[in-house]
Amino acid sequence: MVKMPEPDPEALAKRDRIVGALREIVPGEGVIVSADEMRAYECDGLTAYRQVPMAVVLPSTTEQVSRILRLCHEERIKVVPRGAGTSLSGGALPLTDGIVLGMGKFNKILDIDLENRTVTVQPGVTNLGITRAVEHAGFYYAPDPSSQIACTIGGNIAENSGGVHCLKYGLTTNNVLGLEMVLPNGDIVRLGGKHLDAEGYDLLGLMTGSEGLLGVVTEVTVRILQKPETARAVLIGFPTVEQGGDCVAAIIAAGIIPGGLEMMDHPALNAAEDFCHAGYPRDVQALLICELDGPAAEVDHLIGVVSGIARQHGATYIKASESEEERIAFWAGRKNAFPAAGRISPDYYCMDGTIPRRQLAYVLRRMEEMSQHYGLRVANVFHAGDGNLHPLILYDANKPGELERAEAFGADILKLCVEVGGVLTGEHGVGVEKRDLMDTMFNEDDLKQQQRVKCAFDPSQILNPGKVFPTLHRCAELGRVHVHRGELRFPDLPRF
Ligand SMILES: Cc1cc2nc3c(=O)[nH]c(=O)nc-3n(C[C@H](O)[C@H](O)[C@H](O)COP(=O)(O)OP(=O)(O)OC[C@H]3O[C@@H](n4cnc5c(N)ncnc54)[C@H](O)[C@@H]3O)c2cc1C
C-alpha cells in the first residue's frame, strides 16, 4: 500500500478557523464539513484509497478560487483540486489535513466560436458536454476518454487524458489552446488563448498533465474539429494476441493512421460482449477495432487495404460496420470494457502503461507469466495504435492478501513497460498509484529538476502534496541550500 504523508497537527488545529474563513469566501452551502457528506469526496476512481478531508469547498467564481488559495497559502493548508473524481491514479484523493477544492460548479459553456473553431468553457464542464454543445453544427471535441460522460475538462487537462481517437487527433495537450488558472498564492494568470501559438516558454504544455500540482484551472479554450464526412469501424479477429499485435504495427507501418485502433484480448472481449452485445466474435483470442474516417471513397479504399494487411497477419474474422448504428455498437463494447470487467470479478485494478508498439506481443506474453505467478487473472484492453496498455487485474478485495498481490502484479507490469523502453503512464497520470515507481523511470536528478518546477509555482507546496513525487523535498532543499558532506537536511521533514 502506498503511504501518505502524516497529517500535520498544526493544520488540523486550525480547522474551525479555516472553515469560518472559507464560509466567508463561499457563503451558503458551498462549504461541507459533516463527515457523512464528505464521504462522497473520500476517494476518486482509485477506490482502494480513501481519506476524508478536513473540509470540502465548492466555489463558483475565479475570484473565490483565488481567495481560497491565498488563504490556504498564507495558512499553509493543503488543497486537493477535484473535478468529477474519476481519476484512476488517486490524483483527487483527499488529504486528511487539507481541503478538497471541488470545481463542479464551474459548469458553463462560455463561448462557441465556430469561425475560429474554438470553444471556451469552465473546467467543470464534462468532456462530452463540449461535443454536445457543438455537434448541431457538425463539430466535435476529439480527445474522448471512455469516462467522457462524467469526467471534466479540468481533470482532462490535469491528467492529459486520451481516448480512442487520440492516435490520429492527439491527446488533450494537442487540443487545448488556452487556460485561465489560479496559482497557489492566489494570483490569476492566462496562458495561450484562441490563437495557435504563444510567445515565451510553453507554460500551457507544462500545465497539461501537471496533475493538480501547479495551479487550479478556472477556464479552458479548446480546439474543435469538423466531424469527418464518413467513419466506419472494422472488427478484426485473430487466433493469437501476437498476430493482432503484429497487425497493428503493420497498419501503422503502411502509412495509415486510423481514427482509432484498439485491441482487446479474449477475456476482455467476452466480458464486453456479455455486457453490451456489441456483435464481437467470441472464438478469437484478440480483437482489433480499427476506425477509418474521412471522405467516403477514401474510407472504402482504406478498409480494403487494412483488410488485406489483416489477412496477411492471419486474421480469421473481418467485419466492417455498414451503418452508423453498427459503428457505435462496435465501439460500445470497447468503451464499456471497464464496467464489463466488473461483471467477471468483484474487483479489478486498471493499469496504464505505454510501450513501443513492436514490444506488444512480448509484453503480453510476460504478463501472462506474471498472471500465473501471482495467481490472478488479467483482461487486456489497449489503445493498441499508441502502445498504451490497460491491463485489468482481476481480484477480490474480500480475500486477504489479494489487493496487495494485485498491486504487486501491477507494479511489475509497469516496471516491464519501462524495461522495454516505455513509460509508467499513458493517460491516467501518476497520482499516488505510481508515485513510488517514479524512480524506476527517473533518476534522482531528473526528479529533483521536476520538483524545482513545482517549487517555482508552489513554493509552500500546498497544492496536492504527496502525489506524483516519491520523496518530499522542501523547496529550499532543492536549490538554495548546500548539502554538507551528504548529511540529511531537514531531518524533521516527512519522507514517505
Ligand atoms: C470508467 C473509467 C474510464 C476511464 N477511461 C479513461 C480513458 O479512456 N482515458 C483517460 O485518459 N482516462 C480515463 N479515465 C480516467 C479519468 O476519467 C481521467 O483521468 C479524467 O481526466 C479525470 O477527470 P475528472 O474530472 O474526473 O478529474 P478528477 O478525478 O477529479 O481529478 C483528476 C486530477 O485532476 C486534478 N484536477 C481536477 N480538476 C482540476 C482543475 N480545475 N485544476 C487543476 N487540477 C484539477 C485533480 O487534482 C487530480 O489530480 C477513466 C476513468 C474511469 C472511471
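Numbering of residues starts from 1 in every chain and runs along the sequence as written. Per-residue local features of the predicted model are confined to residues with pLDDT of at least 70, and side-chain atom pairs are confined, for both listing and counting, to 80 or more; whole-chain, interface and lining totals are unaffected and use all residues.

### Observations regarding the sheet that holds strand β8 (residues 176-182)
- If DSSP finds at least two bridges between two strands, the strands pair. Only runs of H or I of at least four residues qualify as helices and only runs of E of at least two qualify as strands under DSSP, and these elements are numbered from the N terminus. Judged by pairing direction, the sheet is antiparallel, and its 5 strands sit side by side in the order β5-β6-β10-β8-β9 without closing on themselves. Edge positions in the open sheet fall to β5 (109-113) and β9 (188-192), since each of these has one partner strand only. Averaged over all neighbouring strand pairs, the angle between strand axes comes to 10 degrees, with direction disregarded.
- Judged from the 4 bridges that link them, strand β6 (residues 118-121) and strand β10 (residues 216-223) form a sheet pairing that is antiparallel. Paired with Val 121 across the bridge in β10 is Val 220. Fitting a line to C-alpha atoms yields each axis, with helices limited to the stretch in contact; the angle taken between N-to-C directions then spans 0 to 180 degrees.

### Quick word on the site of the ligand
- Residues are classed as near a molecule or strand if the C-beta position derived from their backbone is within 6 Å of it. Neighbouring residues of the ligand: 36 residues in total, closest Gly 83, Gly 91, Gly 154, Gly 155 and Gly 212.
- Of the residues forming the shell around the ligand, the biggest block, 5 residues, is contributed by helix α6 (residues 153-159).
- For the shell around the ligand, the class distribution of residues is 13 nonpolar, 18 polar and 5 charged.
- For the shell around the ligand, the two domains that each supply at least three residues are domain 1 (9-102) and domain 2 (109-226). Basically, the charged four are Asp, Glu, Lys and Arg, the nonpolar ten are Ala, Val, Leu, Ile, Met, Phe, Trp, Tyr, Cys and Pro, and anything else, Gly included, counts as polar. Those domain boundaries reflect an automatic or database domain assignment.

### Looking at the environment of Cys 475
- Considering the arrangement of structural elements, one finds Cys 475 in helix α18 (residues 475-479).
- By the C-beta count within 10 Å, which is 17 here, Cys 475 ends up partly exposed.
- Each C-alpha atom of the pair Cys 475 and Met 367 lies 39 Å from the other, and the pair is 108 residues apart in sequence.
- Apart from residues lying up to four places away in sequence, Cys 475 is in contact with Cys 455, Pro 459 and Gln 461. Burial in this document is a count-based property: other C-beta atoms within 10 Å of a residue's C-beta are tallied, and the residue is buried at 20 or more, exposed at 12 or fewer, or partly exposed in between, with C-beta positions derived from the backbone. The contact rule is simple: place each C-beta atom from the backbone, and if two of them lie within 7 Å, those residues are in contact.

That is the geometry; function is a separate question.
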